[in-house]
2 protein chains.
Amino acid sequence: MALSGEVTIALDAMGGDQAPKMVVKGAAIALKRHPGLRFLMVGDEPRLRTLMKRRKKLLAATDFLHTDEVVPGTMRPSVALRQGRKSSMGLALRAVRENRASAAVSAGNTGALMAMARMMLGMLPGIDRPAIAATMPTLRGESVVLDLGANTECDVRNLIQFAVMGELFARIVLGYQTPSVGLLNVGEEEVKGLETVREAAARLKAAESIRFHGFVEGDDIAKGTVDVVVTDGFTGNIALKTAEGTAKLYSHYLRSAFGRSLLARIGYLFARSSLKAIQKQTDPRHHNGAMFLGLGGIAVKSHGGTDALGFANAIGVAYDLVAHGFNERIIGEFKRIAADRIDGTSDQQKAATA
Amino acid sequence: MALSGEVTIALDAMGGDQAPKMVVKGAAIALKRHPGLRFLMVGDEPRLRTLMKRRKKLLAATDFLHTDEVVPGTMRPSVALRQGRKSSMGLALRAVRENRASAAVSAGNTGALMAMARMMLGMLPGIDRPAIAATMPTLRGESVVLDLGANTECDVRNLIQFAVMGELFARIVLGYQTPSVGLLNVGEEEVKGLETVREAAARLKAAESIRFHGFVEGDDIAKGTVDVVVTDGFTGNIALKTAEGTAKLYSHYLRSAFGRSLLARIGYLFARSSLKAIQKQTDPRHHNGAMFLGLGGIAVKSHGGTDALGFANAIGVAYDLVAHGFNERIIGEFKRIAADRIDGTSDQQKAATA
């Protein structure tokens, strides 16, 4: 799909703590940013129409797909697979599978979305398992980190495939020319990392198509030592959430410091606009939108607790992936990798992929 | 050893970026806090004596053990095991083994210290592997996290042993009456964690001697959801360093916010004393001292880049562990656990431990 053309995105209008209101508002914000967008709003149509009554531009860019069913946040993925097909989430994904939309965005149940997306969209040729990727703020800007929880255990092939997908993501969505890639590991010599991580490093080192930096440690994420941080879903999920928790702890310290005395409160008034700039820099809404990479269609997960601005950013990520032909390029990259022989793909598999 | 009695601690006087100066200064600070302390300073005696010339009280509390040899920060643990026996680190550990000191503290090479400590001090009965533990700041105060890198892969028994050691540490060093224990895991249902973590959770749940909270996620560390966070050394190391990196990123944002405009700089002047309080709260020197738990003697690792205050805190941690008979109590706990049958110890092993 061309950069300037129309892009239709299916929205799970009922997923997320503040849905459907924040979905409608988020879509309106995204539409202002990308006038080429069209939406397929999946959910309670009468309710959605009421919310959009005064949003003429948004209404003109929107088609509806009605359903009363919703996947609750607590539903287990295996249950969602059986019972969620007619839910707003399931129908949004089906619209992608049937090419009525180029991507789906949902702020609903992550596990259910992953399971249903995998079943309904399948995997891209050459990729064994999907990865959840997101950007994290760093001293140098932002980096992509993956996998953030799709796979608690990964083999060497998975890690290499994540590296390739993450590198392409950094080029396409973040606009980095030749992104550097690092494998997350621990620092002690001798105990250096797990067998799988070591083996993946050896192969990535040998690959000409990737600028592989080597191992990085936990603090390298925030330092921005590399543009793409690759790890298994267990470690990645814990790293992401540890960073979020630490950030909240610091915000709490800061708030309580400024409330500590009259002088501090006066100081806050003087420094307010500069402090607001930090708030903006560290605003999780700017890093909203975890991508499920490797699927046969584009699915973006917005944070469940996000507001309209965060949801608009998640739509923006989906738009970028579609507009730049992310999935088509992933398929191309994997042909290149097969030639590089870095991912251990057998000749049979290569023939099938080619 | 009684709380009020004399405690001798062997100091690797040559380990750490600012050694031996910060070791001497750190020892002086620690001595003020704990007048019952005695030191065995291991290192370049003439140089140490020159540094201590005017510190009469410290001199009176210090014995020297001279050596010219030092374990460099880059030496591999396996090399240190062969070549480091007569180094300041090796001799400090030997003093613990030979009961000339009750604990060793070093700011030197972590991997070397771990390898040598394990070889020279052996393991406590009932414990298969040592764990590195440290405290991390939380919204509620501080929590113990372990393992932070001694074991990249852990089995169920290891995790349970870490839980028991961490719980005791929280009681003894942090003074919590009945500390709660959580196992670090990822949040998605269905993909919930690795087999090992699930199995360890089942056994901890069944154990009467431990207040087991269940699974916790990465952001629960900073929230202080539990007092003791148990995980394998790979994940723990990455969580710790991710938190450190995020904290530095926030300090950087804050500094640059206050430098952004004249108003902001004026604001800083007003709020300075309150902001210094944050600095103190988040000062890594207050959380200095990673303990090697499970060894047949007490060894504490100070951060290599620490200054005198941080080193004094590491000495303080060693003092607490000795004064409260940590290792003796660990042995007692493991007898209790064997009765609880939570760690999968065989009857033979139980007989040997009893």
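Basis of the calculations
- Residues numbered from 1 in each chain as written.
- Chains lettered and ligands numbered in written order.
- Predicted model: local features only at pLDDT ≥ 70, side-chain atom pairs only at ≥ 80, totals over all residues.
- Heavy atoms only, no water.
- UniProt positions renumbered as here; feature names shortened; annotations may be inferred.
- Helix = DSSP H or I, 4+ residues; strand = E, 2+ residues; numbered from the N terminus.
- Phe/Tyr/Trp six-rings, centres within 6.5 Å; stacked < 30°, edge-to-face > 60°.
- Buried < 20%, exposed > 50% of the residue type's maximum accessible area, 1.4 Å probe, protein only.
- 1 Å grid on protein atoms, 1.4 Å probe; cavity = no way out; pocket = protein on both sides within 12 Å on 5 of 7 lines; lining within 4 Å.
- Points joined across faces, edges and corners; volume = space filled by probe spheres on them.
- Nonpolar A, V, L, I, M, F, W, Y, C, P; charged D, E, K, R; others polar.
- Least-squares fit on C-alpha atoms with pLDDT ≥ 70 in both.
- Contact = heavy atoms within 4.5 Å.

Under the annotation held in an unreviewed UniProt entry, chain A carries the name Phosphate acyltransferase and is attributed to Tistrella mobilis. Per UniProt, the comment on chain A under Function (unreviewed entry) is "Catalyzes the reversible formation of acyl-phosphate (acyl-PO(4)) from acyl-[acyl-carrier-protein] (acyl-ACP). This enzyme utilizes acyl-ACP as fatty acyl donor, but not acyl-CoA."

Let us now look at unusual backbone geometry. Following A:Leu146, the chain continues to A:Asp147 via a peptide bond in cis, the omega torsion being 0°. By secondary structure assignment, the location of A:Asp147 is in the loop between β6 (141–146) and α7 (156–172). That bond from B:Ala19 to B:Pro20 is cis: its omega, 0°, falls within 30 degrees of zero. Relative to the assigned elements, B:Pro20 resides in the loop between β1 (7–12) and α1 (21–33). Although it is not a glycine, A:Asn99 sits at a positive phi angle of roughly 60°. By the element assignment, A:Asn99 lies in the loop between α5 (88–97) and β4 (103–106).

Applying the stated criterion to the full structure yields five aromatic pairs over all chains. Each ring, one from B:Phe169 and one from B:Phe326, has its centre 6.3 Å from the other, and the planes form 80°; the classification is edge-to-face. With B:Phe169 in helix α7 (residues 156–172) and B:Phe326 in helix α13 (residues 326–340), the pair connects residues that are 157 residues apart, well separated along the chain. Judged on exposure class, the residue B:Phe169 and its partner B:Phe326 are both buried. In textbook terms, an aromatic cluster arises when at least three aromatic residues are bridged by ring pairs, as seen for A:Tyr250, A:Tyr253, B:Tyr250 and B:Tyr253.

Before going further, it helps to spend a moment on the layout of surface pockets. Considered as a void within the structure, the second largest pocket measures approximately 530 Å³ in volume. A:Thr152, A:Glu153, A:Leu194, B:Glu153 and B:Leu194 are the residues nearest the centre of the second largest pocket, which is lined by 30 residues in total. Of all the secondary-structure elements, those providing two or more residues to the lining of the second largest pocket are β7 (180–184), α8 (195–206) and α10 (233–258) of chain A together with β7 (180–184), α8 (195–206) and α10 (233–258) of chain B. In the lining of the second largest pocket, the residues fall into 16 nonpolar, eight polar and six charged.

Here we come to the relation of the copies chain A and chain B. What relates the pair of chain copies is a rotation about an axis plus a shift along that axis. For the pair chain A and chain B, the relating rotation is 180°, the translation along its axis is 0.0 Å, and the fit reaches an RMSD of 0.1 Å. Taken together, the rotation and translation describe the operation of a two-fold axis. Among all residues of chain A, the minimum C-alpha distance to the rotation axis is found for A:Gly267, at 1.9 Å. A high fraction, 100%, of the interface residues of chain A reappear at the interface in chain B, so the copies pair face to face through one surface.

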